[in-house]
Amino acid sequence: MTLVAGIDSSTQSCKVVVRDADTGAPVRSGRAAHPDGTEVEPRAWWTALETAVADAGGLDDVAAVAVGGQQHGMVCLDGSGEVVRPALLWNDTRSAVAAADLVRELGGPQAWADAVGVVPVASITVTKLRWLAEHEPENAARTAAVCLPHDWLTWRLAGGTDPATVTTDRSDASGTGYWSAESGDYRPDLLERALGRLPLVPRVLGPNEPAGVTPAGAVLGAGAGDNAAAALGLAAGRGDVVLSIGTSGVVTAVATGGVRDATGTVAGFADATGQFLPLVCTLNAARVLAATARLLGVDLTRLSELALEAPAGADGLVLVPYLEGERTPNLPDATGSLHGMTLANLTPAHLARAAIEGMLCGLADGLDALVATGVTPRRVLMVGGGAASEAVRRIAPAVLGLPVVVPEPGEYVADGACRQAAWTLSGAASAPDWALVGSRTYEADPAPQVRARYAEMAATAR
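Let us look at the structure shown here. Predicted model only: the values in this text are computed from it and were never measured.

We now examine the pairing of strand S22 (residues 379-383). For S22, the tally of buried residues reaches four of five residues, placing the bulk of the element in the interior. Where S22 lies against strand S23 (residues 404-406), two bridges are found, and the strand directions are parallel. Residue pairing in the sheet places Val 380 in a bridge with Val 404 of S23. This β-α-β element, S22 to helix H13 (residues 390-400) to S23, shows right-handed connectivity.

This is the structure in structure tokens:
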């Protein structure tokens, strides 16, 4: 049996999954935690990877490896390949002012959408580089190369020391703000506009192009951004909308062409197969559930039970869950708000229901934005930690207006990286066809009153 390994280096942890390259059957796995925060020393990712690999029984018998990683994080390297400063992660909003400045300087949102398919917000790498140039000029001057978390890990797995040898893939490059998914080219002018000069950037590999080999001789796949890796792990195709409810909330769909959304709601990203992955991302997803459970003094299972005890619409109670600011809509300084409180609906059950509905309404707005770009959805594939909630599963089809398919709990980013590793190893024209088993479909009548009430309250958020 030929084995391949997929790595998911996410915001919260590192997961390693080993699978049979031919059938996709799981063999073993391991994991380790990442430190909390919005800036992290990359060496912590490497330490976690080593721990997760050991927990998975090692990779000495693995023929190929690929890394799926959290997108947008800014990793700065000096001329000798040393990390200049802790990486700023996607959820670090300190570059919000820099984002607004960059958008204005280029001539507005449409100019950015036309240039790279992305209108910069604080999560996008290009804005973090501008922040670095303005607030840490000494570190900016030391920065010889810029890469992303999965790029850095792949480079380290190859034993890299020269920053000129770092590679990336289309999916992660498309989230930087200085590479265009449509043209397949970097925009050096935008990079220079942000940092004030031109650092080295990774070479962009094709979907199954090797990034090198590990010291043990395993082939390295190009890797992918986490959302593209998850779509690959789910074998998402035309008509499938992938809804991931994790630290962030992500709504995305496979498309054959790029997107230029001047509103900035839909990012025109690339996928891990050579196509495109228009994507909407919110900052507030599964943590909304965790925060509400903490407030009520219950665990997530009881939160789900409470939510199902309350009626649709929670008798008028609406939570706008901008608990960490918000990325979509772009309101980095916003706070959450609770509306419509009465003596009748200020109960634990109603609040639990309002939290789940509020989170899902924000994601439903993202689905609407995808549809406006030409996506024609037929079903939703729902994954992530939030998908484990029975209440989320039952309420989602009513809020989203589509059947919701929930696969068995799994590490779909790592699985996608596994699939890419097998694809790279085989050299085939397309990724291996691994069956997705154990899915359950949820359906419900639409609840337009829930969406309408949420839209009314969300419009007041600032």
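Next comes the rest of the write-up.
Spatially, S18-S19-S17-S16-S22-S23-S24 is the arrangement adopted by the seven strands of the open sheet, whose pairing is mixed. Each edge of the open sheet carries a strand with a single partner, namely strand S18 (267-270) and strand S24 (440-442). Averaged over all pairs of adjacent strands, the angle between their axes in this sheet comes to 30°, without regard to strand direction. Two strands pair when backbone bridges link them, and strand S17 (residues 249-253) and strand S19 (residues 276-282) are joined in this way by four bridges, in the antiparallel orientation. Residue pairing in the sheet places Gly 249 in a bridge with Thr 282 of S19.

The subject of this paragraph is the pairing of S18. Along S18, one buried face is formed by Ala 267 and Phe 269 and the opposite face, lined by Gly 268 and Ala 270, is buried too. Bridging between S18 and S19 involves four bridges; their strand directions are antiparallel. Across the sheet, Phe 269 pairs through a bridge with Leu 277, a residue of S19. Counted between consecutive antiparallel strands, the loop separating S18 from S19 contains five residues, among which Gly 274 sits at a positive phi close to 105°.

Ranked by size, the top nonpolar core spans 52 residues in total, and within it Ile 245, Leu 360 and Met 382 carry the most contacts. Once residues lying within four places of it in the same chain are set aside, the contact partners of Leu 360 are Ile 245, Val 392, Ile 395, Ala 396, Val 399 and Leu 400. Counting residues in hydrophobic clusters, the runner-up holds 37 residues, among them Ala 52, Val 62, Ala 87 and Ala 145.

The next point concerns the environment of Ala 398. Its location among the elements puts Ala 398 in helix H13. Given a relative accessible area of 14%, Ala 398 falls into the buried group. Between the alpha carbons of Ala 398 and Asp 368 there is a distance of 14 Å; along the sequence they are 30 residues apart.

As enumerated under the stated definition, the model contains two aromatic pairs in all. An angle of 70° between the planes, with centres 6.4 Å apart, marks the rings of Trp 45 and Trp 152 as edge-to-face. Linking Trp 45 in helix H1 (residues 42-55) with Trp 152 in helix H6 (residues 149-157), this pair joins segments that are 107 residues apart in sequence. A relative accessible area of 3% places Trp 152 in the buried class.

Among the residues of helix H2 (residues 96-106), Ala 98, Ala 99, Asp 101, Leu 102 and Val 103 are the ones counted as buried. Here the buried face of H2 lies against helix H3 (109-116), helix H4 (125-135) and helix H8 (188-195).

Another aspect to go through is the pattern of salt bridges. Evaluation of the coordinates by the stated rule reveals 30 salt bridges. For Arg 43, the salt bridge is made with Glu 41, and the minimal N-O distance between the two is 3.5 Å. Here Arg 302 ties to Glu 305 by a salt bridge, and the two come within 3.2 Å at their closest N and O atoms. Linking Arg 302 with Glu 305, this pair stays in helix H11 (residues 300-309), spanning three residues, or about one helical turn. Owing to a relative accessible area of 40%, Glu 305 belongs among the partly exposed residues under this scheme. Connected through shared salt-bridge partners, Glu 39, Arg 85, Asp 92, Arg 94 and Glu 136 make up one network.

We now examine H3. Think of an α-helix as 3.6 residues a turn; residues three or four steps apart then line up on the same face. Residues of H3 that are buried include every one of Trp 112, Ala 113, Ala 115 and Val 116, and no others. For H3, the arc enclosing every buried residue in end-on projection is 165°, short of the 170-degree limit, so these residues lie on one face. One or two positions beyond H3, positive phi appears at Gly 117, with a value near 75°.

Our focus in this paragraph is the state of the cysteines. Summed over all chains, the structure comprises zero disulfides. Lacking any disulfide linkage, Cys 418 is separated from the closest cysteine sulfur, that of Cys 14, by 12 Å. Here Cys 418 falls in the buried class, since its relative accessible area comes to 0%.

Where H2 contacts H4, the two axes come as close as 8 Å, and the packing angle between them is 105°. Put simply, H2 runs roughly perpendicular to H4. Residues Ala 98, Ala 99, Asp 101, Leu 102 and Glu 105 of H2 touch H4, and the partners they reach there are Val 126, Thr 127, Arg 130, Trp 131 and Glu 134. Per-class residue counts for the contact of H2 with H4 are five nonpolar, one polar and four charged.

Another aspect to go through is the environment of Glu 50. Relative to the assigned elements, Glu 50 resides in helix H1. Taking the C-alpha atoms as reference, Glu 50 lies 9.4 Å from Cys 14; in sequence the two are 36 residues apart.

If you check the backbone angles, Ala 235 has positive phi at about 55° while not being a glycine. Looking at the element boundaries, Ala 235 is found in the loop between helix H9 (226-233) and strand S16 (240-245). Given the relative accessible area of 38%, Ala 235 is considered partly exposed. The backbone of Ala 314 shows a phi angle near 50°, a positive value even though the residue is not glycine. Tracing the chain through its elements places Ala 314 in the loop between H11 and strand S20 (318-320).

On to the packing of H2 against H8. Where H2 meets H8, the closest approach of the two axes is 11 Å, and the angle between their N-to-C directions is 130°. Classified by the angle between their axes, H2 and H8 sit oblique to one another. Between H2 and H8 lies a crossing of right-handed hand. Residues Leu 102, Glu 105 and Leu 106 of H2 lie in contact with H8, whose contacting residues are Leu 190, Arg 193 and Ala 194. Across the contact of H2 with H8, the residue classes tally to four nonpolar, no polar and two charged.

Each value, and the rule that gives it
- Residues numbered from 1 in each chain as written.
- Predicted model: local features only at pLDDT ≥ 70, side-chain atom pairs only at ≥ 80, totals over all residues.
- Heavy atoms only, no water.
- Buried < 20%, exposed > 50% of the residue type's maximum accessible area, 1.4 Å probe, protein only.
- Helix = DSSP H or I, 4+ residues; strand = E, 2+ residues; numbered from the N terminus.
- Pairing = 2+ DSSP bridges.
- Right-handed = clockwise from strand over helix to strand, strands pointing away.
- Axes fitted to C-alpha atoms, helices over the stretch in contact; angles between N-to-C directions.
- Core = buried A, V, L, I, M, F, W, Y, C linked by side-chain atoms within 4.5 Å.
- Contact = heavy atoms within 4.5 Å.
- Phe/Tyr/Trp six-rings, centres within 6.5 Å; stacked < 30°, edge-to-face > 60°.
- Salt bridge = Lys/Arg side-chain N within 4 Å of Asp/Glu carboxyl O.
- Arc of directions from axis to C-beta.
- Disulfide = S-S within 2.5 Å.
- Parallel < 35°, antiparallel > 145°, perpendicular 65-115°, else oblique.
- Nonpolar A, V, L, I, M, F, W, Y, C, P; charged D, E, K, R; others polar.
- Left-handed = near helix turned anticlockwise from the far one by under 90°.

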